[in-house]
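Chains, contacts and geometry: an overview
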Amino acid sequence: MNSQQKHSKKQKLSNVYGSYCWWCGKSMSINELTIEHLRPKSCGGSNSLENLRLACLTCNRFRGNSLFPPNVKIK
C-alpha cells in the first residue's frame, strides 16, 4: 500500500470502528494509530478492510506476526 492508500484505509477503519486501538481500547487520533492485520500478511492475510483494524504502535509491535492478541498490559 502506498501512503495515500494507507490514509484512505485508516479513515475508513476509523469511520467503522472508531479512533481507538482494537486491542487495548486506548482512544487516539487517527495519526497515532497504525494499520493492524488481523491475519498477518506473513500468514496469508490480505490488505482487505475485513482483515484490517487500527492499533496503537505498542500493541501492533508486541503482536508482531502472531495470530493471537498481543500480550501487552497498558496502564
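Residues numbered from 1 in each chain as written. Predicted model: local features only at pLDDT ≥ 70, side-chain atom pairs only at ≥ 80, totals over all residues. Heavy atoms only, no water.

**Some words on the overall build of the protein**
The number of helices and strands found in the protein is two helices and two strands. The N-to-C order of helical and strand elements in the protein reads α-β-β-α. Whereas a compact globule of 75 residues would reach a radius of gyration of roughly 11 Å, the protein reaches 12 Å, a difference of no more than 12%. Along the first, second and third principal axes, the C-alpha atoms of the protein reach 30 × 30 × 20 Å. Each of the 75 residues in the protein was classed as buried or not, and the buried ones make up 32%. Once local pairs closer than 6 in sequence are excluded, the contacts in the protein between residues at least 24 apart make up 44%. For the protein, the exposed area adds up to about 5,000 Å²; of that, 51% sits on carbon and sulfur atoms. (Helix = DSSP H or I, 4+ residues; strand = E, 2+ residues; numbered from the N terminus. Rg over C-alpha atoms; globule rule 2.2 N^0.38 Å. Buried < 20%, exposed > 50% of the residue type's maximum accessible area, 1.4 Å probe, protein only. Contact = heavy atoms within 4.5 Å. Areas by Shrake-Rupley, 256 points an atom, 1.4 Å probe, with all protein chains shown as cover.)

**Quick word on the packing of aromatic side chains**
Counted by the stated rule, this structure contains one aromatic pair. Ring centres of tyrosine 17 and tryptophan 22 lie 5.3 Å apart, and the angle between their planes is 75°; this geometry places the pair in the edge-to-face category. Classification of tryptophan 22 by relative accessible area gives partly exposed; the value is 33%. Positioned above the aromatic ring of tryptophan 22 is the side chain of arginine 53, whose terminal nitrogen or guanidinium carbon lies 4.8 Å from the ring centre. (Phe/Tyr/Trp six-rings, centres within 6.5 Å; stacked < 30°, edge-to-face > 60°. Lys NZ or Arg CZ within 6 Å of the ring centre and 35° of its normal.)

**Looking at the side chain of asparagine 51**
One can find asparagine 51 in the loop between strand S1 (34–37) and strand S2 (52–55). Discounting residues that sit within four places of it in the chain, asparagine 51 has contacts with Glu36, His37, Leu38, Arg39, Gly45 and Ser46.

**Quick look at the nonpolar core**
Core analysis: the largest hydrophobic core is formed by 10 residues, namely Leu13, Cys21, Met28, Leu33, Ile35, Leu52, Leu54, Ala55, Cys56 and Cys59. No other element matches S2, which puts three residues into this core. Residues within four places of leucine 33 in sequence aside, it is in contact with Lys10, Ser19, Tyr20, Cys21, Met28, Leu54, Ala55 and Cys56. (Core = buried A, V, L, I, M, F, W, Y, C linked by side-chain atoms within 4.5 Å.)

**Brief notes about the pairing of S1**
Residues Thr34 and Glu36 point to one face of S1 and Ile35 and His37 to the other, with burial holding for every one of them. Both S1 and S2 contribute to a ladder of four bridges, which runs antiparallel. In the sheet register, threonine 34 faces S2, and the bridge partner there is alanine 55. (Pairing = 2+ DSSP bridges.)

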